[in-house]
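Each chain, letter by letter, is given below.
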Amino acid sequence: MPQSPLARPRNVIGGHLISALVGLLVLTVLGDGVVAMGFGVGLAIALMQFSGTLHPPAGGDPLVVILAGAGWPFLLLPIATGTASLVILAWLYHRFVSKRAYPA
């Protein structure tokens with residue numbers, strides 16, 4: 001849904017960065033238990049909502065971070081580079097293929 005407000009570049013990049021950062025902080029403080037996973041997801045959603053960067057798929061990032069035992073470089077690769085790549089590819093696709101405005 002490229003026209004969705006939740007698919008704006010700010011939401012895609014910001015939401016994933018915030019969620020992954022929350023996952024890394026929760027992993028550092030609480031470890032890798034089930035409570036940490038639930039707390040991480042809840043906190044990530046709350047912070048995305050508060051910051052205006054809500055992006056539903058990013059809500060799973062704390063789970064990925066905690067289950068993988070990811071380290072701080074995870075923020076740069078794959079999160080920052082991956083989300084920036086997604087936004088650039090979406091812009092290119094909509095500019096040259098679908099002929100729709102993106103971001104809306």
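Structural data are supplied above this passage.
In this text, all values refer to a predicted model and were calculated from it rather than measured experimentally.

> Give me the lowdown on the nonpolar core, citing residues and values where you can.
When a protein is soluble and globular, its nonpolar side chains tend to lie buried together. Ranked by size, the top nonpolar core spans 13 residues in total, and within it V26, V65, I66, A70 and F74 carry the most contacts. Breaking this core down by element, the ones donating at least two residues are helix 1 (9-30), helix 2 (34-51) and helix 3 (61-68). The element contributing the most residues to this core is helix 1, with five residues.

> So, the packing of helix 2 against helix 3: which residues are in play, and what are the values?
In the contact formed by helix 2 and helix 3, the axes pass within 8 Å of each other and the chain directions differ by 150 degrees. By the criterion of interaxial angle, the relationship of helix 2 to helix 3 is roughly antiparallel. Seen along the crossing, helix 2 lies across helix 3 with a hand that is right-handed. Taking contact as the criterion, the partners of A36, M37, G40, V41 and A44 in helix 2 are, on helix 3, P62, L63, I66 and L67.

> Just give me the short version of the environment of V29, but keep the residues and values in it.
Within the element layout of this structure, V29 appears in helix 1. Owing to a relative accessible area of 66%, V29 belongs among the exposed residues under this scheme. In this structure, the C-alpha to C-alpha distance between V29 and L43, residues 14 residues apart in sequence, is 14 Å.

> Provide a residue-level description of unusual backbone geometry, including the pertinent values.
A cis amide bond, omega 25 degrees, links L77 with the succeeding residue P78. Note that P78 resides in helix 4 (residues 76-98). With omega at 0 degrees, the peptide bond leading from Y102 into P103 counts as cis. Tracing the chain through its elements places P103 in the segment after helix 4. A positive phi is found at K99, a non-glycine position, where the angle reads about 60 degrees. Relative to the assigned elements, K99 resides in the segment after helix 4.

> Please set out the environment of P9 residue by residue, giving values where relevant.
When you line up the elements, P9 lands in helix 1. Its relative accessible area of 22% is what places P9 among the partly exposed residues. The spatial distance from the C-alpha of P9 to the C-alpha of G33 is 32 Å, given a sequence separation of 24 residues. Sequence-distant contacts of P9, defined by excluding residues within four places in its chain, comprise G14, V87, Y102 and P103.

Thresholds, definitions, all that
Residues numbered from 1 in each chain as written. Predicted model: local features only at pLDDT ≥ 70, side-chain atom pairs only at ≥ 80, totals over all residues. Heavy atoms only, no water. Core = buried A, V, L, I, M, F, W, Y, C linked by side-chain atoms within 4.5 Å. Buried < 20%, exposed > 50% of the residue type's maximum accessible area, 1.4 Å probe, protein only. Helix = DSSP H or I, 4+ residues; strand = E, 2+ residues; numbered from the N terminus. Axes fitted to C-alpha atoms, helices over the stretch in contact; angles between N-to-C directions. Parallel < 35°, antiparallel > 145°, perpendicular 65-115°, else oblique. Left-handed = near helix turned anticlockwise from the far one by under 90°. Contact = heavy atoms within 4.5 Å.

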